[in-house]
Amino acid sequence: MAYDKQALIDQLSQLTIMELADLIDGLKETWGVEAVVAAGGAAGGAAAPAAEEKDEFDVVLVDAGSSKINVIKEIRAITGLGLKEAKDMAEKGGAVKEAASKDEANKIKEQLEAAGAKVELK
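This is a predicted model, so every value here is computed, not measured. (Residues numbered from 1 in each chain as written. Predicted model: local features only at pLDDT ≥ 70, side-chain atom pairs only at ≥ 80, totals over all residues. Heavy atoms only, no water.)

### Looking at the packing of helix α4 (residues 68–79) against helix α6 (residues 102–114)
- For the pair α4 and α6, the least separation of the axes is 8 Å and the interaxial angle reads 155 degrees. In terms of orientation, α4 and α6 fall into the roughly antiparallel class. Pair α4 / α6 crosses with right-handed handedness. Contacts between α4 and α6 pair V71, E74, I75 and I78 from the former with I108, Q111 and L112 from the latter.
- Residue composition of the contact of α4 with α6, by class: five nonpolar, one polar and one charged. (Axes fitted to C-alpha atoms, helices over the stretch in contact; angles between N-to-C directions. Helix = DSSP H or I, 4+ residues; strand = E, 2+ residues; numbered from the N terminus. Parallel < 35°, antiparallel > 145°, perpendicular 65-115°, else oblique. Left-handed = near helix turned anticlockwise from the far one by under 90°. Contact = heavy atoms within 4.5 Å. Nonpolar A, V, L, I, M, F, W, Y, C, P; charged D, E, K, R; others polar.)

### What to know about a nonpolar patch on the surface
- Residues Y3, L8, L12 and L23 make up a contiguous nonpolar surface patch of about 380 Å² in total accessible area.
- Checked against the element boundaries, L23 lands in helix α2 (residues 17–31).
- Here L23 falls in the partly exposed class, since its relative accessible area comes to 35%. (Patch = residues over 30% accessible without salt bridge, like charges linked within 9 Å, V, L, I, M, F, W, Y side chains within 5 Å. Areas by Shrake-Rupley, 256 points an atom, 1.4 Å probe, with all protein chains shown as cover. Salt bridge = Lys/Arg side-chain N within 4 Å of Asp/Glu carboxyl O. Buried < 20%, exposed > 50% of the residue type's maximum accessible area, 1.4 Å probe, protein only.)

### Let's talk about helix α5 (residues 83–92)
- Within the span of α5, buried status applies to A86, M89 and A90. Projected down its long axis, α5 shows its buried positions confined to an angular sector of 100 degrees, all on one face. In α5, the exposed residues that point more than 90 degrees away from the buried face are K84 and K92.
- Packing partners of the buried residues in α5 comprise β1 (57–63), α4 and β2 (94–100).
- Phi for G93, located one or two positions after α5, is positive at around 80 degrees. (Arc of directions from axis to C-beta.)

Here it is, written out as structure tokens:
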């Protein structure tokens, strides 16, 4: 089967981080493999060298916000913690995920912020 390599590269470079994460999850599920996403390329520019320096991030919950129940649900979905542990984390804050890839950290941050939490990447 022939494919147009450049067309595929162009199409992938137009995807959002969430779309790429979904694609990676689909590839893992279909082929049973781990995919590694390299930083750089189309995102480039002057910010690329700074982004390449750090490739692992800690997702830290700063504040659960006013809709704590939704945040607890997201924490449980992300971490697999029990209800009590997720509730404690929502109340006290702390690292939700440590040493996550940039894409994974951003995905988790977006999920928690959508639930109403304040999150930092360190």
